[in-house]
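Residue-level structure breakdown
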Amino acid sequence: MKAYMTARKLIIYNSKIGEAFLVSELGEYKYENLPTNKQNFVSKIEALADFQNTGRVLLGMRRKPQRVFTGAVGKTIKAFIDFRTRIYSLANLTINNYEIYLHSFNCFLSDRGIRSVSKITQATILEFISQLNPSKPAARHVALYILKNYTHYLYENELISKDYFRTIPSDNYKQQSRLPSTFSREEIDMLIKCIDRGSPKGKRDYAMFLLALKLVFRSSDIANLKFENISWNTNEFTFKQQKTGKSITLPLLPEVGNAIIDYLKYGRPVSNESHCFLQVVPPYSKIAPHDIANAVQFYLKRAGINLHNRKHGPHALRHSFASGLLQEATPLPVISEALGHTNSVSTMFHLRIDTSSLKQCSLDVPQIPPSFYKQKGGYHE
């Protein structure tokens, strides 16, 4: 930006200069179509104008604009989402997925001048599918599922003349096909020891990590933890989990409580914010789950832990906790309760990492009878 302004003899920065600079670097672009690194580039430039106007320093990616469904196509999308929500009692996360992918489809149609669902063709649908990112199989799987049901809804309501449900290709995506990533106790110790607990940020991160490691808090629950959720009299945490909506009570362990107190007394900025953990720079707003994910990745790399072919976010810490319980032969219902799962089916996902116990369940391979080799043409050495 500095070189850009110097070359054009521009002295005072404003948002129009920022917009022109972005066009010079990226060409005419749509923010939602940019890869993550380019979106981050845009966010940093726009943060300059926001600082000029408000004095705030915004962290992370810029907020994406609200998804608005307009026109005749948008009307059918809203009706479809309302119908599925009413019939299947969709969770908010599922509704959000419907809005994300159908808004993308709506924008795709609009860019091609398609203003009515009656103009949707098989070629149009396949062209949209071809633009889905193949490196994100889970997202592609969800998009195909939603698109199948949306077009089937249009057909059943006689809004299109052909049912594209079977025309839209299926994929062979296997949910949870890979083993969960875990870290050994030695690696967890390395992670904890590399945190600078003398700085405000280190005090905050140490307390957050203990919540994840000792009590298996999800990052969303750490980010949304409020003072009202901490009972110092009964030494308990009581809160409703963001992911499941299930209320849970966990013990306030001395090690965890002391870390939180150390942060509150000597690390937390002065603020009227009711959330426990705050950003370390103005405007001292509450942290977001992705801030915790970034912190975990930062300290894992600082500790020199090998991350090759391993996921390295906050969820890996939960898997590591579950792995430790499995190694101690803890009963499945106890692990399920500790992880805050609504049922043991979700907990069974973790059983695959207990290879030592799985080996005890292995069966001997039966001998193949000689008659097998005499099939179709006789015996061959």
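Described in the following lines is the structure provided in the data block. (Residues numbered from 1 in each chain as written. Predicted model: local features only at pLDDT ≥ 70, side-chain atom pairs only at ≥ 80, totals over all residues. Heavy atoms only, no water.)

**Re the packing of aromatic side chains**
The criterion, for reference: Pairing of aromatic side chains requires ring centres within 6.5 Å, counting the rings of Phe and Tyr and the six-membered ring of Trp. Pairs whose planes differ by under 30 degrees are stacked, by over 60 edge-to-face, and all others tilted. The helix and strand labels rest on DSSP assignments: H or I over at least four residues marks a helix, E over at least two residues marks a strand, and numbering proceeds from the N terminus. Only protein chains enter the calculation, and the probe is 1.4 Å; a residue is then buried if its accessible area is under 20% of its type maximum, exposed if over 50%, and partly exposed in between. Here, over-ring charges are defined by two tests on the NZ atom of lysine or the CZ atom of arginine: distance to the ring centre within 6 Å, and angle to the ring normal within 35 degrees.
Tallied over the full model, the rule gives 14 aromatic pairs. Judged by centre distance (5.6 Å) and plane angle (90°), the rings of F209 and Y299 are edge-to-face. Here Y299 lies in helix α12 (residues 289–302) and F209 lies in helix α9 (residues 200–214), a separation of 90 residues in the sequence. Using a relative accessible area of 3% as the deciding quantity, one classes Y299 as buried. Centroid distance F217 to F237: 5.4 Å. Interplanar angle 75°. Geometry classified as edge-to-face. Highlighted residues: F217 in the loop between α9 and α10 (219–223) and F237 in strand β2 (residues 236–240), separated in sequence by 20 residues. The exposure classification of F217 matches that of F237, with both residues buried. The cationic tip of K148 hangs over the ring face of F165; the distance from NZ or CZ to the ring centre is 4.9 Å. Sitting above the plane of the Y206 ring, R197 keeps its charged end 3.8 Å from the centroid.

**Side note on the pattern of salt bridges**
Using the following cut-off: Basic side-chain nitrogens of Lys or Arg form a salt bridge, by our definition, when they fall within 4 Å of a carboxyl oxygen of Asp or Glu.
This model, assessed by the stated rule, comprises seven salt bridges. Across the salt bridge formed by R112 and E127, the nearest N and O atoms sit 3.2 Å from each other. With R112 in the loop between α5 (92–111) and α6 (122–130) and E127 in helix α6, the pair connects residues that are 15 residues apart, well separated along the chain. Salt bridges sharing partners connect three or more residues here, namely K201, R204 and D205.

**Here we look at the nonpolar core**
Quick note on the threshold: What makes a nonpolar core is a set of buried Ala, Val, Leu, Ile, Met, Phe, Trp, Tyr and Cys residues whose side-chain atoms join them at distances within 4.5 Å. By the convention used here, residues are in contact when the closest approach between their heavy atoms is within 4.5 Å.
With 43 residues, the main nonpolar core has F209, L211, F217, I222, L225, F237 and F277 as its most contacted residues. Elements with a contribution of two residues or more to this core: α8 (185–193), α9, α10, β2, β3 (247–251), α11 (254–266), α12 and α13 (314–327). When residues of this core are assigned to their parent elements, the largest contribution, eight residues, is made by α9. What F209 contacts, discounting residues up to four positions off in sequence, is L191, I192, I195, A295, V296 and Y299. Core analysis: the second largest hydrophobic core is formed by 30 residues, I77, Y98, F108 and V117 among them.

**A few points about α12**
Worth spelling out the cut-off: Expected span, for any helix, means 1.5 Å times one less than how many residues it has.
Its 14 residues place the ends of α12 20 Å apart at the C-alpha level, agreeing with the 20 Å of an ideal helix rising 1.5 Å per residue. Taken together, the buried positions of α12 are occupied by D291, I292, A293, A295, V296, Y299 and L300. Once α12 ends, the next one or two residues include G304, with phi positive near 75°.

**Quick word on the environment of V296**
With respect to the helices, strands and loops of the structure, V296 is situated in helix α12. Note on V296: relative accessible area 1%, which makes it buried. The spacing of V296 and M208 is 88 residues in sequence and 10.0 Å in space, taken between C-alpha atoms.

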